[in-house]
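Working through the structure, step by step
Residues per chain, in single letters:
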Amino acid sequence: MALSFIKKVFTFGKPAEEPVPAAVEKELEPRSRVEDLPVADDPVLAEEMDTAGGPASDIDEGGVETSVAEDDVESAILPAADQLRDMGVVPLSLLEAEAAAEAETEIQAVAETLAEIPLSVPLGHLAHQAGDHVETGALEQPADLEEIVEKLPEEIPTEPEDIPTQDDAGLDSPSQPISPPVEEMPGRVEGGSPPAKPEIGSPILPKGFATGPKVVEPEPVMLQPKLSWFQRLRNGLARTSSQLTGQITALFTKRKLDDETLQDLEDLLIQADLGVETALRVTDTLASERYGKDVTGEDVSRIMASEIAKVLKPVAKPLQLDLSHKPHVILVVGVNGTGKTTTIGKLAAKLSGAGLKVMLAAGDTFRAAAIEQLKIWAERTNSEFIGTKLGADAAGLAYDAFEQAKAKKCDVLIVDTAGRLQNKAELMAELEKIVRVLGKLDPDAPHTVLQTLDATTGQNALSQVEIFRNVAGVNGLIMTKLDGTARGGILVAISAKHKLPVYFIGIGEGVDDLEPFEAEDFAHAIAGLPQ
Ligand SMILES: Nc1nc2c(ncn2[C@@H]2O[C@H](COP(=O)(O)OP(=O)(O)OP(=O)(O)O)[C@@H](O)[C@H]2O)c(=O)[nH]1
C-alpha cells in the first residue's frame, strides 16, 4: 500500500503513470504463475525458469536485503526468459522484479521531487488525515515521508478547495495552491470513492493550529479612574504620612497639650526627617493655639501641613529657562543612582513635547549602561543625542555637546554626569572641570545646575546638597523616589536648610512620574490630608 500511495501522491509535476505494481499484478497474474503454465512439467524449462527471474530484492552475503537497480533487472533476465516472453509467458518472479525495480526508481524520483517542493504544509495536512501529527517543516527526509504515507488514507483531496493553500497554512503569501493543480495531483483516482472533504476554508491542520480570525477575549474593564497627580503623590507618600500621623494620633489620644506632649511631638517630627526648624515651627504654633486644651491627631496634622507649606512655598519654583541662550545648559549632578539619567529623560519629554529642541549629552562616561540609557531617552523624546566612549573625558564631551547644540540651534542642552559620592575628591574635581569648560563657552553656562536627590536616603541628602552646591554651584533640586518612601519628610528639612528651588519631584520611573513641585500639595500629602 505504501509504495502505491507514494506513487499516487508524490509524482508532482510528472505525467501521470499507470500504477505499476497493482496493474501489472492484476493484468498478468492469470498467465504468470509458473504452476499454471502448460510447460511447467518440462524439467529443462522449469529449471531455466527457476534461474531466470531473480527476485527484485536480493539477500546479500550478510543477509541484508539490497535493492536491485533497473539495469540489473535487465541483466538478470536470462535468454530462456526472453524466449518465454516471446511465447507470451512471463515468470512471476521476473514480473515482480520489474515492478519492484520500477517502484524503486519512482521512489527515487519522488525523493528528488520532494527536495524541491514545499513539503511541509501539504504533508502536514495529509498526514493529519492519517491521524499523524507532523510539525511544520519537520519533514525533509524521504524516509520520514514513507513512514507518514504508510499511515495515509488511500484518497487524497481531489477538488481545488480541498488543496491546502499557503493562507491555510498560516503563511504570508497570497492564497495560491501550494500543491500542483488537481490534474497533476498524483494519486488522483478516477471513479474512486470521494474523499472526506474538510469544510471549505477550514482545512484540517495539525494539532495546536487553528484558522480563522483570532478571537480576542475582551479585557476585563478596569473601573479604576485615572488618578490625579495629587492622588498619586498622596499614594506615593502614604508610607511617610501614615507613619507620621499614626504616631501623632497615638501621642495625642486623650491627652491635653502640655510641655511633655510638645516635646514628644518635636522629637517625633525630627525623627520623621522634617528637620529641627520645621519641628519647632509646628510645636510653637500648636502651643500658641491649643496649649492646655484637648488636641486631636487631626488638629496636629492640620497645623503641621500648614507649617510645612510655609517652609516649602519659597522653594517651590518653576525651572526658569533663559531661551536667549541657545542652548540653555542644564547640568545634572548628584550621587550615584539618585535618578539623574531618568530625570533627564522625563525633563526632555516635557521640553520636546512643548516644541523645544533638546539635546542630551551623555557625560556619564563611567557607566556604559548610562550612555545607552540616555540614548534611548533621546530617541523616545525626539531629542538630539551626543555621547562618547566609555571612560572618555566628561569635560571634553560637555564641550563638544555645547558646540553641537549651538550649531544645531538647540534650545536646551541637558548634560548628564556620572554619579559620585560627595566624599570622592577626584570625581568632584572632574565635576568642577565640566563646569569650568562650559563656562568658557558661555560665561553664564551651565545656566542651571540641577541636583537630583533620592528621597529614600534620608538625612544624608542634606550633606549631599551641601557639597555639590559648593563644588558645582547647584542652584536647583529635584527629589526623586518619593513613591513608597517613609522618609519623604527630608525634602522639608532640605528646603528649610538650603532654601534652594525645588523644581520637580519624581514619584516613579515612568515618563509621566515627574511633576512640578507644589508646596501645598506636598504638605497635605505628607500630613495625610485631602488636597
Ligand atoms: N521608584 C522610583 N525610581 C526611580 C525614580 N527616578 C529614578 N528611579 C530609578 O532609580 C534608578 C537609578 O536611576 P538613574 O536615572 O539611573 O540614576 P543615575 O543617578 O543616573 O545613576 P548613576 O548613573 O549610577 O549615577 C533607576 O532604576 C530608575 O528607574 C523615581 O522617581 N521613583
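Residues numbered from 1 in each chain as written. Predicted model: local features only at pLDDT ≥ 70, side-chain atom pairs only at ≥ 80, totals over all residues. Heavy atoms only, no water.

1. As for the overall build of the protein chain
Secondary structure assignment for the protein chain yields 20 helices and ten strands. A total of 531 residues make up the protein chain; the buried ones form 46% of that total. Nonlocal contacts in the protein chain, meaning residues at least 24 apart in sequence, comprise 75% of its contacts between residues at least 6 apart. Carbon and sulfur atoms make up 52% of the accessible area of the protein chain, which amounts to about 27100 Å² in all. (Helix = DSSP H or I, 4+ residues; strand = E, 2+ residues; numbered from the N terminus. Buried < 20%, exposed > 50% of the residue type's maximum accessible area, 1.4 Å probe, protein only. Contact = heavy atoms within 4.5 Å. Areas by Shrake-Rupley, 256 points an atom, 1.4 Å probe, with all protein chains shown as cover.)

2. Details of unusual backbone geometry
Cis geometry is adopted by the peptide bond preceding proline 327, which originates at lysine 326 and carries an omega value of 10°. Inspection of the secondary structure assignment puts proline 327 in the loop between α13 (297-312) and β3 (328-333). Note that the residue after alanine 445, namely proline 446, is joined by a cis bond; omega there is -5°. Mapping proline 446 onto the fold places it in the loop between α17 (425-441) and β7 (448-454). At lysine 409, a residue that is not glycine, the phi angle is positive and equals roughly 55°.

3. Re the site of the ligand
Lining the immediate surroundings of the ligand are 19 residues, of which Lys340, Thr341, Thr342, Asp483 and Glu509 lie closest. In this structure, aspartate 364 approaches the ligand through a side-chain N or O atom, which is 2.8 Å from an oxygen atom. For the ligand, the protein covers 81% of the area, taking 650 Å² as the surface of the free molecule. Here the ligand occupies the second largest pocket. With four residues, helix α14 (residues 340-353) is the largest single contributor of residues to the shell around the ligand. Taken together, the residues that form the shell around the ligand break down as one nonpolar, eleven polar and seven charged. (Near = heavy atom within 4 Å. Polar contact = N/O pair within 3.5 Å; in protein donor to acceptor, adjacent residues only side chain to side chain. 1 Å grid on protein atoms, 1.4 Å probe; cavity = no way out; pocket = protein on both sides within 12 Å on 5 of 7 lines; lining within 4 Å. Sits in = over half its atoms within 2 Å of the grid points. Nonpolar A, V, L, I, M, F, W, Y, C, P; charged D, E, K, R; others polar.)

4. Some thoughts on the UniProt feature "domain: SRP54-type proteins GTP-binding" (unreviewed entry) in the protein chain
Under the feature "domain: SRP54-type proteins GTP-binding" (unreviewed entry), the UniProt entry names residues 501-514. For residues 501-514, the helix share is 0%, the strand share is 43%, and the end-to-end C-alpha distance is 16 Å. (UniProt positions renumbered as here; feature names shortened; annotations may be inferred.)

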